[in-house]
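A closer look at the structure
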Amino acid sequence: MLDTILNKIRKFIPSSIFKFANPIYHWTMAFLAAVIYRFPSKKIKVIAVTGTKGKSSTVEIINAFLEEAGYKTAISNTIRFKIGDASSENLYKMSMPGRFFMQRFIRKAVKAKCDYVILEMTSQGAITFRHLFIDMDVFVFTNISPEHIEAHGSYENYIHAKLTLAKCISTSKKRSTVLIVNGDDKESNKFLKFDADQKITFSVSSVEPYEIKRHGLTFTLNGKTVHSHLSGLFNLYNILAAITAVKSQNVTDKIITDALDKFAGIPGRVQRIEAGQDFSVIVDYAHTPDSLEKLYQVFQASRNICILGGTGGGRDTWKRAEMGRIADEYCDEIILTNEDPYDEDPRSIVEDVAKGIPYEPTIIMDRRLAIREGIKRAKTGDSVIITGKGTDPYIMGPEGSKIPWSDARVAREEIERIKTKSSAVQNSDSTAEEF
């Protein structure tokens, strides 16, 4: 409530003055939020996760491990907010909501007597100091690649924002701090420079031999073969980040393997839509060239029908044609569609993506009709891969307009619709044969 009032007051401040005072304003708001909610992070163990990709997945996997170990947890990520057994969908279109929200959320977790709160932290959150006055016990860095370049001004500024988050582990007042870094990432040394009581790196070389399959993966943990229902090398990295985090909290290998065996998947992350069809339908959040390519690589053995688009509002326009190029490399059929146009012309966004495709792809601007067409084209054993939104609850239009949306729900409805229509045709043919 207070942050809403303050944001309204901001509108009356000349932009030149506000720009000068911007850091002071954001610091003051972060401090005020912490004061109002009585610095709640001091009363609970905090695990923070950042990176370009895999943040939400890593948060969810850490949560599964800790719950299997008997801990009561709270999580905040792109997908949902959870405190104990109560979980609600994240409808903010923000992976890391505002300063007052974060401090209030942690205070609620403390009040609910949670043992851990696991937080997804973002570079855009760092710009407005949403991370300040949150004392961390564990900080996890998953990976980094170009994203939000327009918002940050450059790739270097983007890395700097991520490093600002990592710096918090150095200034944390917690008794025993842990810094966990993906040792295979090219920027790992920049994160390892920060102080912590423990610094731990993880690498896929430590779990060899491993095998990536369409319907899961296996890897070696301390000499034993471990299975996960998750697919893709990127998910192996997410699992390793989570394992490293919880082992620093003395969670055993047996608990980890038991939790992985039970962990079926993550909404909007290589999510399989099962409605009795004889082909695969996948919904995934992939919205960068790197994440799109890694997702498509999981399904190289199948015939792929790919449905994708691009994000408007000036967000990383450089990647649109590159996404098209990657789709052309891995997909047998491409359907381009609307995603989140914001204040841009949806058609022009899609045409930018099409520039990376050497032939004229199918363009269906209505996202439901695009998904319907992809499912109609699918044959036994094919994969229909729907990317860009994952669990996003809205399609974002001009002037902040929101159309309620769910790729998973729409895909399920369209599979059922086509099955019903096919069944009706078969019944009609059977009736005709009787006469």
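What this report covers is the structure whose coordinates are included nearby. (Residues numbered from 1 in each chain as written. Predicted model: local features only at pLDDT ≥ 70, side-chain atom pairs only at ≥ 80, totals over all residues. Heavy atoms only, no water.)

Quick notes on the packing of helix 11 (residues 289-298) against helix 12 (residues 319-330)
Between helix 11 and helix 12, the least distance of the axes is 9 Å, while the angle of their chain directions is 10°. Between helix 11 and helix 12, the angle is such that the two are roughly parallel. Counting all contacts with helix 11, which are made through Pro289, Leu292, Glu293, Tyr296 and Gln297, the residues of helix 12 involved are Lys319, Glu322, Met323, Ile326, Ala327, Glu329 and Tyr330. Tallied by class, the residues present in the contact of helix 11 with helix 12 amount to seven nonpolar, one polar and four charged. (Axes fitted to C-alpha atoms, helices over the stretch in contact; angles between N-to-C directions. Helix = DSSP H or I, 4+ residues; strand = E, 2+ residues; numbered from the N terminus. Parallel < 35°, antiparallel > 145°, perpendicular 65-115°, else oblique. Contact = heavy atoms within 4.5 Å. Nonpolar A, V, L, I, M, F, W, Y, C, P; charged D, E, K, R; others polar.)

A look at the pattern of salt bridges
Charged atoms that come close allow side chains of opposite charge to pair. Applying the stated criterion across every chain, the model contains 31 salt bridges. Residue Lys174 is joined to Asp137 by a salt bridge in which the shortest nitrogen-to-oxygen separation is 2.6 Å. With Lys174 in the loop between helix 7 (155-171) and strand 7 (178-182) and Asp137 in the loop between helix 5 (123-127) and strand 6 (138-141), this residue pair connects regions lying 37 residues apart in the sequence. Residue classification places Lys174 among the buried residues on the basis of a relative accessible area of 14%. For the salt bridge of Glu413 with Arg409, the shortest nitrogen-to-oxygen distance reads 3.3 Å. One end of the pair, Glu413, and the other, Arg409, are both in helix 15 (residues 407-434), four residues apart, so they sit about a helical turn from each other. For Glu413, a relative accessible area of 33% translates into the label partly exposed. (Salt bridge = Lys/Arg side-chain N within 4 Å of Asp/Glu carboxyl O. Buried < 20%, exposed > 50% of the residue type's maximum accessible area, 1.4 Å probe, protein only.)

Re the packing of aromatic side chains
Applying the stated criterion across every chain yields a total of 14 aromatic pairs. With a centroid separation of 6.2 Å and an interplanar angle of 55°, the aromatic rings of Phe81 and Phe105 are classed as tilted. Of the two residues, Phe81 is situated in strand 3 (residues 80-83) and Phe105 in helix 4 (residues 99-111); the sequence distance between them amounts to 24 residues. Each of the two residues, Phe81 as well as Phe105, counts as buried. Between Tyr296 and Tyr330, the ring centres sit 6.2 Å apart and the planes meet at 40°, which makes this aromatic pair tilted. (Phe/Tyr/Trp six-rings, centres within 6.5 Å; stacked < 30°, edge-to-face > 60°.)

Some points on helix 11
Of the residues making up helix 11, those classed as buried are Pro289, Ser291, Leu292, Leu295, Tyr296 and Val298. If you follow the buried residues of helix 11, they end up packed against strand 9 (211-213), helix 9 (233-247), strand 13 (280-284), strand 14 (304-308), helix 12 and strand 17 (383-387).

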